[in-house]
Amino acid sequence: MAASHARMGEIDEALGKDEAALKSWQRATNMMERLVRQDPENARWARDLAVNLNHLGDLQLRAGKHELAVASFTKALEQLEALAEKDESNVELQRDVEVAHNRIGKAALAMAKLPLALASFEKGFAVAERLATKDASNALWQHDLAHVLVRVALTRARSGDLVGAQQHAIGRRAYRL
């Protein structure tokens, strides 16, 4: 049933019906939350819940509901971190954690909460750096690293820390992004 609501959310979103999509994703998320509460050890349900929360957060962010978006992204991050902690060798989960941090940072930027944005982007950067170092031939991980590197530098600059922004950007040139 949760999957049906998620599919409806995807369809409504594709049709530009963001309010209807938001309602569908909220229903799907509520159902997944109930399932995860019933069986907290079910990794598939926990990951599905995180995916639903991210879709919900993306729609909330687009709708200007920034606080709700941060809350959804934070719940998704908590699910993903718990999963990644149980399976430290799962690089896909590690990347999901990195992306979740960046989503929180993006929503925080939209609210001009620069300290939260910077902290989130820096946490995302740490994960992206670990992954990119692990496999320099992985184009996606290199792209993620470059993307979050720019976000950290721009957020520092926007916070008035021009020296920190420059040092962060220059200090990371070794990646040859």
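As a starting point, this report considers the structure included with it. (Residues numbered from 1 in each chain as written. Predicted model: local features only at pLDDT ≥ 70, side-chain atom pairs only at ≥ 80, totals over all residues. Heavy atoms only, no water.)

## Structural notes on the pattern of salt bridges
Side chains that carry opposite charge are capable of pairing whenever their charged atoms lie near each other.
Turning to step 1, where the next piece is worked out: A full pass over the atoms with the stated rule returns 13 salt bridges.
Turning to step 2, where the next piece is worked out: Taking the shortest distance from any N to any O, the salt bridge between Arg62 and Asp18 comes out at 3.2 Å. Placement of Arg62 in helix α3 (residues 43–62) and of Asp18 in helix α2 (residues 18–38) is noted, with a sequence separation of 44 residues between them.
Turning to step 3, where the next piece is worked out: The salt bridge involving Arg156 is made with Glu122; its shortest N-O contact spans 2.5 Å. Here Arg156, found in helix α7 (residues 139–158), pairs with Glu122, found in helix α6 (residues 114–134); they are 34 residues apart in sequence, far enough to count as distant.
Turning to step 4, where the next piece is worked out: The exposure class of Arg156 is buried, given its relative accessible area of 19%.
Turning to step 5, where the next piece is worked out: Assessed through its relative accessible area of 30%, Glu122 is described here as partly exposed.
Turning to step 6, where the next piece is worked out: When salt bridges with common partners are traced through the structure, they connect Glu13, Asp18 and Arg62 into a single cluster. (Salt bridge = Lys/Arg side-chain N within 4 Å of Asp/Glu carboxyl O. Helix = DSSP H or I, 4+ residues; strand = E, 2+ residues; numbered from the N terminus. Buried < 20%, exposed > 50% of the residue type's maximum accessible area, 1.4 Å probe, protein only.)

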